[in-house]
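Listed here are the chains, written in short residue letters.
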Amino acid sequence: MLITKPHTDFQPVHTMLMKSLSAKVLMSAMKLKLFDYIEGKEVDGTVLAHEMGLVPERLEPVLDIFVAVDLLFKKQDIYSNSPTASEFLVSTAPHYQGDSMALTMGFADAIENSITELLSGEEVDRKKTDKNWAVERTMEGAAQEAIGGGLADTIEFTASLPNFDNFRTMCDIGGNHGMYTMGVLDRNENMQGTIFDLPHVAEQAQIRCDKAGFGARVTTTGLDFLKEHIPAEQFDLILTSHVLYAFQHDLDTTLTKIAEGLKPGGWFVSHHYSGYGQKGNELTKATLELLTRLSGYSSHFIEQEALVKILETLKFEDIRCQQISETGLGLMVAARKAY
């Protein structure tokens, strides 16, 4: 028989391919500031196209893509921003994510055209990636991602630690944009902060902290934590956010070095991805893990049980763990160095 009917449905595969295009459509919309044009208004699609200098027949399916994913509302031919679009996709919004999205897509672009070769054993240029962390827009994208993600929860979690008001010194290892450091210092006016990062990154981080009004309270120091140590017993608090995964190959040694930097009774706080094997967000987690492994790291996820076990071995006490949210991937862990 020439024509036979398939036994299964190909539609999920086709949908996956279309999502790849949809992501690029969203980035084009951000470049055009489409959501800025719509913000605070209810606009006709044709009128919007003319206002933006676009072709109405081509803009219409773009708008309908965003309706399908609840970024726009549509009533007849009238469009308006959803609360999500207003909060994250309008360039003047406090939680704007445009640079963060560009950063994510940039990582994906660097990988997606070489997936076959990378799966076969080729390597990405990690030196180029490290260099890019000091680029202003890259740093701003990372800051936006923190603001739109676990930053506020991590600050609150840290500020709730016992005797937080008595802390006087903290450091942020791999602090990059400085938002975590400044956020913690904002909750304790008597604290001084140090950001440790690669030298070229630390220099740009100091500029950001100075502009934000924290220059007198934040010192940035160039340091390669893979090879170097931070000062011993100097800090009441050591914070890491989405950094520990880079040390998965020897997490025991890394946490030992962190313990050395804490004063007796000082606190270590980590914010990172966890729960890779747990139910929920499977496609997102698997895609993030693929991006991480193809980039040359062993995993972006550090499971709670493994981290707690190492902390207990190092005699940390009062270990506490908290999810960023019920649906999020982030885990916060705090542990106190023994006196």
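Residues numbered from 1 in each chain as written. Predicted model: local features only at pLDDT ≥ 70, side-chain atom pairs only at ≥ 80, totals over all residues. Heavy atoms only, no water.

1. Things to note about the overall build of the chain
Note the cut-off: Only runs of H or I of at least four residues qualify as helices and only runs of E of at least two qualify as strands under DSSP, and these elements are numbered from the N terminus. For every residue, the accessible area obtained with a 1.4 Å probe (protein chains only) is divided by the maximum for its type, and the residue is called buried under 20%, exposed over 50%, and partly exposed between those limits. Throughout, a contact is declared for two residues whenever any of their heavy atoms are within 4.5 Å. Per-residue and other accessible areas follow the Shrake-Rupley method at a 1.4 Å probe size, with only the shown protein chains counted as cover for residues. We treat Lys and Arg as the positive residues and Asp and Glu as the negative residues; His and chain ends play no part in the count. All charge positions are set by atom: Lys at NZ, Arg at CZ, Asp at CG, Glu at CD.
Scanning the chain from N- to C-terminus turns up 15 helices and 10 strands. Judged by the C-alpha coordinates and their principal axes, the chain covers about 70 × 55 × 35 Å. In the chain, buried positions account for 44% of the 339 residues. A separation of at least 24 residues holds for 67% of the contacts in the chain among residues at least 6 apart in sequence. In the form shown here, the chain has an accessible surface area of approximately 18500 Å², with 54% of it arising from carbon and sulfur atoms. Here the chain holds 30 positive side-chain charges and 47 negative ones, and the gap between their average locations is 2 Å.

2. Here we look at a nonpolar patch on the surface
For the record, the criterion: Residues enter patches when they are more than 30% accessible in relative terms and free of salt bridges; like-charged ones are connected within 9 Å and nonpolar ones (Val, Leu, Ile, Met, Phe, Trp, Tyr) within 5 Å. Take a side-chain nitrogen of Lys or Arg and a carboxyl oxygen of Asp or Glu: if they are within 4 Å of each other, that pair is a salt bridge.
On the surface, a nonpolar cluster with roughly 400 Å² of combined accessible area is contributed by Phe-10, Val-13, Leu-17 and Met-18. In this structure, Phe-10 sits in the segment before α1 (11-31). The exposure class assigned to Phe-10 is exposed, which follows from its relative accessible area of 53%.

3. Re the state of the cysteines
For the record, the criterion: Working definition: a disulfide is two cysteine sulfur atoms within 2.5 Å of each other.
Scanning the entire structure with this criterion turns up 0 disulfides. The cysteine Cys-171 is free of any disulfide, with Cys-209 supplying the nearest cysteine sulfur at 14 Å. Take Cys-171: its relative accessible area is 0%, and that puts it in the buried class. No disulfide involves Cys-321; its sulfur sits 20 Å from that of Cys-171, the nearest cysteine. Classification of Cys-321 as partly exposed rests on a relative accessible area of 31%.

4. A short note on the pairing of strand β3 (residues 78-81)
We count it as follows: Between any two strands, at least two bridges found by DSSP are needed for them to pair.
The pairing of strand β1 (residues 43-44) with β3 spans 2 bridges and is antiparallel. Following the sheet pairing, Asp-44 is matched in β3 by Ile-78. In this structure, the hairpin formed by strand β2 (residues 72-75) and β3 is closed by a connection of 2 residues, where Gln-76 is found at a positive phi of approximately 60°.

5. Concerning helix α10 (residues 151-159)
Leu-151, Thr-154, Ile-155, Phe-157, Thr-158 and Ala-159 are the residues of α10 that are buried. On its buried face, α10 sits against α9 (136-148), α11 (179-186), β7 (235-241), β8 (262-273), β9 (316-323) and β10 (330-337).

6. Points about the sheet that holds β9
Condition: For helices, the fitted axis covers only the stretch in contact; all axes are lines through C-alpha atoms, and the angles between them, taken along N-to-C directions, range from 0 to 180 degrees.
With respect to topology, 7 strands assemble into an open sheet ordered β6-β5-β4-β7-β8-β10-β9, the strand pairing being mixed. Pairing within the sheet leaves two strands with one partner each, and these edge strands are β6 (218-222) and β9. Taken over all neighbouring pairs, the strand axes of this sheet differ in orientation by 15° on average, direction set aside. Two elements, strand β4 (residues 169-173) and β7, share 3 bridges in a ladder whose sense is parallel. Across the sheet, the residue bridging to Asp-172 is Leu-239, located in β7. Each of β7, β8, β9 and β10 touches α10; the most contacted strand, β10, lies at about 25° to it.

7. Observations concerning the packing of helix α6 (residues 98-112) against α9
When two helices pack together, their arrangement is given by the angle between the helix axes and by the axis-to-axis distance. As a reminder of what qualifies: Any angle that falls under 35 degrees is termed roughly parallel, while one over 145 is termed roughly antiparallel, one within 65 to 115 roughly perpendicular, and all others oblique. Note on residue classes: Ala, Val, Leu, Ile, Met, Phe, Trp, Tyr, Cys and Pro are nonpolar, Asp, Glu, Lys and Arg are charged, and everything else, Gly too, is polar.
At a minimum axis distance of 7 Å, the contact between α6 and α9 shows a crossing angle of 110°. When the axes of α6 and α9 are compared, the pair comes out roughly perpendicular. Contact residues: α6 offers Gly-98, Asp-99, Ser-100, Ala-102 and Leu-103, while α9 offers Arg-137, Thr-138, Glu-140, Gly-141, Ala-142, Gln-144 and Glu-145. Partitioned by chemical class, the residues of the contact of α6 with α9 number 3 nonpolar, 5 polar and 4 charged.

8. Looking at α1
Each α-helix turn comprises 3.6 residues. Residues three or four places apart therefore point the same way. Cut-off, in case you're wondering: The length a helix should cover is 1.5 Å for every residue beyond the first.
Taking 1.5 Å of rise per residue, the 21 residues of α1 would be expected to cover 30 Å, and the 30 Å separating its terminal C-alpha atoms lies within 8% of that figure. At the C-terminal side of α1, Lys-33 shows a positive phi close to 55°.

9. Structural notes on the nonpolar core
Basically, it comes down to this: Nonpolar cores were defined as sets of buried Ala, Val, Leu, Ile, Met, Phe, Trp, Tyr and Cys residues, with membership established by side-chain atoms within 4.5 Å.
The biggest cluster of nonpolar side chains holds 27 residues, and the ones touching the most others in it are Met-170, Val-184, Met-191, Leu-237 and Val-269. Within the residue set of this core, elements represented by two or more residues are α9, α10, α11, β7, β8 and β10. Per-element tally for this core: the top contributor is α11, with 5 residues.

10. Remarks on the packing of α10 against α11
So the rule is basically this: The handedness criterion is simple: a crossing whose near helix is rotated anticlockwise from the far helix by less than a right angle is left-handed, and one whose near helix is rotated clockwise is right-handed.
The interhelical angle for the contact between α10 and α11, taken along N-to-C directions, is 45°, at an axis separation of 10 Å. Here α10 lies oblique to α11, going by the angle between them. As for the relative orientation of α10 and α11, their crossing is right-handed in sense. The segment α10 lies against α11, with Leu-151, Thr-154, Ile-155 and Thr-158 engaging Met-179, Tyr-180, Gly-183 and Val-184.

11. Observations concerning the packing of aromatic side chains
For the record, the criterion: Working definition: rings of Phe, Tyr and Trp (its six-membered ring) pair if their centres are within 6.5 Å, and the pair is stacked with planes under 30 degrees apart, edge-to-face with planes over 60 apart, and tilted otherwise.
Scanning all chains against the criterion turns up 7 aromatic pairs. A centroid spacing of 5.3 Å and a plane angle of 50° characterise the contact between Phe-35 and Phe-66, whose relative ring orientation is tilted. With Phe-35 in helix α2 (residues 34-38) and Phe-66 in helix α4 (residues 56-68), the pair connects residues that are 31 residues apart, well separated along the chain. Exposure remark for Phe-35: the relative accessible area of 0% places this residue in the buried category. Their ring planes at 65° and their centres at 5.5 Å tell us that Phe-164 and Phe-167 sit as a pair that is edge-to-face.

12. A closer look at the side chain of Thr-154
Looking at where Thr-154 falls in the secondary structure, it is placed in helix α10. Of the residues examined, Thr-154 reaches a relative accessible area of 0% and is grouped as buried. Once residues within four sequence positions are removed from consideration, Thr-154 is found in contact with Tyr-180, Leu-239, His-271, Ile-324 and Met-332.

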